[in-house]
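# Understanding the architecture of this molecule
The lines below spell out each chain.
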Amino acid sequence: MRREITFTLNGEEKSVFVEPNITLLQVLREQLTVTSPKRSCEQGECGACTIILNGKAVNACLVLAVTVQGKRVETVESLANGTELHPLQRAFVDITAAQCGYCTPGMLLAAKALLDANPDPSYEEVKVGLAGNLCRCTGYVKPVEAVLTAAAELRAAGVKG
Amino acid sequence: MRNFEYLAPAGVDEAIRTLAEHGSDAIVLAGGTDVLVWMNRREIAPKYVVYIGDLQELGQIREEAGELRIGALVTQAELAESPVVAKKALALAIAARNCAGPIVRNLATIGGNLGTATPAGDLVLACMALGGKVRLKGPKGERLLPLEEFLVGPQATVLAPDELILEIVLPLPSGVTGSGFQKLGRRKAMTISTASAAASVVLSADGSTFEKVIVALGSLGPTVIHSDEFERALTGKPATLEEINNWRHLAGGDACPSPRARRASAWYRCEVAAVLAARAVEDALAAAKGLDLSAHRAASKKRGRGIAGAIYSLTPPGFPNPCAVNLQMREDGSAVLQIGVVEIGQGANTVMTQMAAEALAIPYENVTVHTNDTGTVPYDFGTVSSRGTFVAGNAIIRASLQVKEVLYEAAAVALKGHPDNFYLCAGFVCDKYDTEKRMPIGEAAKFAHFVLKKLPIGTAFFYPKSSAADQNSQGEPIAAFYYHATVADVEVDVETGVADVVDLYAVVDCGKAINPRLVDAQVEGGAIQAIGWALREDAQPGLTCASGPAEGYNPDFMPVDLESYPIATSMDLPMLHPGLVEVFEPEGPFGAKPAGEISANSGAPAVFNAIYKAVGVRLFDMPATPEKILRALQDKAESQPATV
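Keep in mind that this is a model prediction, so the values were computed, not measured.

Parameters and conventions
- Residues numbered from 1 in each chain as written.
- Chains lettered and ligands numbered in written order.
- Predicted model: local features only at pLDDT ≥ 70, side-chain atom pairs only at ≥ 80, totals over all residues.
- Domains from an automatic or database assignment.
- Contact = placed C-beta atoms within 7 Å.
- Helix = DSSP H or I, 4+ residues; strand = E, 2+ residues; numbered from the N terminus.
- Nonpolar A, V, L, I, M, F, W, Y, C, P; charged D, E, K, R; others polar.
- Pairing = 2+ DSSP bridges.
- Axes fitted to C-alpha atoms, helices over the stretch in contact; angles between N-to-C directions.
- Buried ≥ 20, exposed ≤ 12 C-beta atoms within 10 Å, placed from the backbone.
- Expected span 1.5 Å × (residues − 1).

### Digging into the domain arrangement of chain A
Residues and elements named next belong to chain A. Here the domain parsing of chain A yields domain 1 (3-76) and domain 2 (87-157). Distance between the C-alpha centres of domain 1 and domain 2: 22 Å. Contacts between the two partners involve 14 residues from domain 1, matched on the other side by 13 residues from domain 2. The set of elements that each furnish at least two residues to the side of domain 1 that touches domain 2 consists of strand S3 (50-53) and strand S4 (56-59). Ranked by residue count, the leading element in the side of domain 1 that touches domain 2 is S3, at three residues. Among the residues forming the side of domain 1 that touches domain 2, the class breakdown is eight nonpolar, four polar and two charged.

Structure follows, in C-alpha cells:
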C-alpha cells in the first residue's frame with residue numbers, strides 16, 4: 001500500500017508516495033531524479049549508491065524508503081556551495097582521483113562522513129574509510145591522496161568537512 | 001523485490017504482538033543488510049515486514065552487574081568504535097572492525113548477525129568465544145539462552161516467529177582475562193570469512209596458567225562451533241605460546257574434515273582453522289598479559305621480491321585500426337575537434353584536447369572536443385587496444401596540417417608574405433623572418449572565410465602500420481611496441497598461504513607522456529588490477545571451457561556477485577610506486593605511445609616470481625589463492641626429505 005513519506009534531502013523537505021518495497025535508492029533516482037547515487041550491485045557490496053543518512057554513510061540500496069520518514073538524507077549534490085566545489089570534490093578533480101566516475105559520488109560521501117567524524121585521519125584511516133566503495137579504475141591511490149589533501153585543506157580553513 | 005505490508009511498531013511489546021499476529025508470514029527488518037538482499041534476489045517474499053530499526057531501546061551498550069549487555073540494534077560500526085567494547089570484549093570489537101566495510105557497518109546490527117546465524121558470522125563467533133548469551137522476548141516472556149542453544153544450524157536458530165532478539169549478554173569475568181579474533185577472507189575488507197576463530201582466556205591470578213579457555217571456530221561447522229578438544233587440552237596448562245602451539249592440531253576436532261566447502265576446500269579450512277584458533281588464543285593471552293606478538297607473528301612471514309617485464313604492440317598484425325577526425329579553426333581563435341575515440345574515464349578527451357591545442361598552438365581552453373556520439377563524429381571503432389592517444393594524435397596532427405595550410409595562405413594574402421614562411425605561435429600566425437607580420441589565428445580564420453573563401457578545416461584519417469607479414473616473415477606488422485616492468489615485494493604467510501603485496505614498483509615506457517598524471521593513474525589502476533588477478537580474482541569459464549568446470553564452481557562464466565569476485569578494496573592497496581620512462585617514439589604523436597592495457601600486464605608474473613622467491617614454490621595457475629600456495633608448500637615439504 002502506497003504511503004506518503006517526508007524526509008529532508010540535501011536540506012530541503014521532500015514528500016513522496018512510495019510502495020513499501022521501494023528502496024531509498026529507487027526513490028532518489030526514479031522519483032526525485034537525483035541520479036548521483038548509482039544503481040549497481042544492489043547487495044551492499046559495491047558502495048556506488050552510498051548516501052549519508054542521519055550523518056552516517058550507508059548503502060541506499062539497503063534502505064527501504066518507508067523507513068526514511070523524518071530522517072535526513074544527503075547526496076553528493078549537498079557538497080558544492082553553488083558553483084564552488086567542496087574541497088573534497090576539488091581535490092578529486094585536481095588529483096585525478098576519478099576515472100570512469102561511477103564510484104565517485106559514493107566515494108565522496110564516504111569521505112565526507114569520514115572527515116566529519118575524524119577531521120585528521122591517517123593514511124590507514126582513510127583506507128579504512130573508503131573500504132566499502134569499490135573502484136576498478138584508479139587503484140585507490142589517488143582517491144586516498146585526495147581525501148588526505150581535502151582533510152588538510154578543511155583543517156586549515158577551520159571548518160568541518 | 002515482491003511487495004509486502006510494512007509495519008513499524010513503536011516499541012518492543014508492540015513488535016512482539018505484531019509478530020504474534022502474523023507468525024511466519026512476517027520478517028523482522030532492522031539494518032537490512034541481509035534481509036533486503038534476500039528480498040532483492042527474491043530468495044524470500046514475506047507478506048509482512050516488521051521494521052524495528054528505529055527502536056532506540058534496543059540500541060544501547062551497558063555494562064552492569066558484571067555483564068556487558070549489547071542491544072540487538074547496536075550496529076557493527078558502534079561496536080567497532082565503542083571504548084567499553086574494546087576494553088571489555090576486545091574480540092568483539094576486532095570482529096566488528098573486520099565486518100564488511102564502513103558503510104555496511106553503519107547499517108548492520110549485532111542482532112541481525114545473530115539472527116542470520118551464518119556459520120561465517122563474525123560477531124556471533126566473537127560472542128560465542130566470550131561466553132555470550134542471547135535474551136529473547138516473546139508473548140510468553142523473556143528467555144536467556146547460551147549461543148550454543150540458540151544456534152541450531154546454518155541460518156537456523158530456536159528463535160520463534162513471535163520472538164524478538166533483545167540483547168546479547170557477555171559475562172565479564174574478573175581476573176586476568178583477554179580475548180582475540182582472527183579472520184581470513186578473500187580480501188582485507190568487504191569479505192565473508194573463509195575461516196575464522198575467536199578466543200577468550202581467564203588466567204590464574206599470577207598469569208601462569210590457563211584457568212578457562214574458550215575457542216570458537218567460524219565457517220567450519222553448520223554453525224559457529226566450539227573447538228572443544230583444544231579448549232580442554234589448554235585448560236590447566238601453562239599460559240605460554242609454546243603450549244598453545246603444542247595443542248593447536250586439535251582445533252578442528254570433530255568438524256574436520258568439514259563437509260562445508262564454500263569459498264575454499266574443506267581441507268584448507270581445516271588447515272587454517274588450527275592456525276587461526278591458535279592465533280586467536282595467542283591474541284587473548286597477549287591481551288591478558290600485555291605481550292607483544294609482533295616478532296612471534298613475523299616468524300611465519302617470508303618475504304620475496306619478484307620482477308617481470310612485458311612488451312605490448314599497438315594492434316595485432318593485419319588488424320584494421322582506422323581513426324578519422326574533423327578539426328576546424330573557428331573565427332574566434334578556438335578549435336573544434338570531432339573524433340570517435342571514446343572517453344571512458346582514462347582521460348582521452350583531456351589528451352586529445354592537449355594534442356589539438358599543441359598542434360594548433362592555441363590554449364588548451366580554446367579547444368572543444370566532440371566525441372562519444374556516432375551521430376556527430378566521423379567513424380572510429382572505439383577505445384580498444386590502447387590505441388586512443390596513438391591513433392587520435394596522429395590523425396589530429398594530419399588534420400592540423402590542412403588547417404595550417406589554409407591559415408598560412410590567409411596570412412600570406414592578408415600580410416603580403418609567402419605561405420611557406422608562416423607558422424603558428426601562441427595563438428598567432430607568424431612570419432618566420434618578419435616579426436612584424438603576424439595576425440591572431442582567429443583573424444586568419446575569419447580572413448580565410450570571408451576573403452579566401454576557404455575553410456580552415458582538416459579532415460584526416462590515420463591508419464597505423466599493421467601489415468600481415470609476408471612469406472618471408474617480413475613487413476611492418478606493428479606500428480609501435482611499448483614496455484612495462486613491475487617489481488613486487490610480497491610477504492607470504494607460510495601457515496595460511498596468504499600472500500600480501502607489500503610494495504609494488506610499476507614503470508611504463510609510454511614514449512612522451514602527453515599527460516603524466518593520467519599515465520600515473522593508468523599505471524596505478526593497472527597495478528592494482530594485476531595484483532587482483534595474481535592473488536584473488538577468479539573468473540571461471542565453467543561449462544564453456546573444454547576441460548569442464550572445476551568442482552564446486554559456478555557454471556556461469558562469472559561469479560555471481562562482487563563478494564565472490566573480489567576485486568581489490570582500498571584496504572588491499574600496497575605501497576605503490578608508479579614510474580614513467582619517456583622514450584620518444586618517432587611513429588607516435590609528439591613522441592607518445594600507449595599506456596593503457598600494458599599497465600596491468602607485468603604485475604601478476606612479478607607477484608608470482610616474488611612468491612617463488614619468498615617460499616620456493618612455483619605456481620602457474622592464477623590466482624595464487626592462499627589455498628593453492630599452502631597446498632604447494634605442503635607438497636614441497638613432503639617431496640623433500642627432512643634435513644637434520
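Don't stop here, the text continues.
### Description of the sheet that holds strand S10 (residues 164-171) of chain B
The strands making up a sheet associate through hydrogen bonds between their backbones, and the pairing can be parallel or antiparallel. Residue and element names in this part refer to chain B. Read from one edge to the other, the open sheet built from five strands follows the order S4-S5-S10-S6-S7, with strand pairing classed as antiparallel. Pairing within the sheet leaves two strands with one partner each, and these edge strands are strand S4 (61-64) and strand S7 (141-146). The sheet shows a mean angle of 25 degrees between the axes of neighbouring strands, direction not considered. Relative to S7, strand S6 (residues 133-138) runs antiparallel, the two being bridged by six bridges. Considered in S7, the bridge of Val 134 is made with Leu 145. Where helix H1 (residues 12-22) meets the sheet, its contacts fall on S6 and S10, and the angle it forms with S10 comes to roughly 125 degrees.

### Digging into the pairing of S4(A)
Residue and element names in this part refer to chain A. One ladder, built from four bridges, connects S3 with S4; its direction is antiparallel. Along S4, the bridge assignment pairs Thr 50 with Asn 59. The loop that links S3 with its antiparallel partner S4 comprises two residues; one of these, Asn 54, has a positive phi angle of about 50 degrees.

### Overview of unusual backbone geometry
The omega torsion of the bond from B:Met622 to B:Pro623 falls at -10 degrees, within 30 degrees of zero and hence cis. When you line up the elements, B:Pro623 lands in the loop between helix H18 (603-615) and helix H19 (626-639). Even without glycine at this site, A:Tyr140 takes up a positive phi of about 70 degrees. Along the polypeptide, A:Tyr140 turns up in the loop between helix H4 (123-129) and helix H5 (141-157). The class of A:Tyr140 is buried, set by 28 C-beta atoms lying within 10 Å.

### A few points about the domain arrangement of chain B
Residues and elements named next belong to chain B. Examined at the domain level, chain B breaks down into domain 1 (57-299), domain 2 (326-462) and domain 3 (481-639). One C-alpha centre belongs to domain 2, the other to domain 3; they are set 40 Å apart. When contributions to the side of domain 2 that touches domain 3 are tallied by element, the ones reaching two or more residues are helix H14 (348-360) and helix H15 (388-415). The class makeup of the residues in the side of domain 2 that touches domain 3 is five nonpolar, eight polar and two charged.

### Points about H14(B)
One full turn of an α-helix is made of 3.6 residues, so residues set three or four places apart face in the same direction. Residue and element names in this part refer to chain B. Between the first and last C-alpha of H14 there are 18 Å, a value that for 13 residues agrees with the 18 Å anticipated at 1.5 Å per step. When H14 is considered as a whole, its buried residues turn out to be Ala 348, Val 351, Met 352, Thr 353, Gln 354, Met 355, Ala 356, Ala 359 and Leu 360. Those residues of H14 that are buried lie in contact with strand S16 (323-329), strand S17 (335-339), strand S18 (367-370), H15, strand S19 (422-425) and helix H17 (516-535). Where H14 ends, the next residue or the one after it, Ala 361, has phi of about 55 degrees, a positive value.

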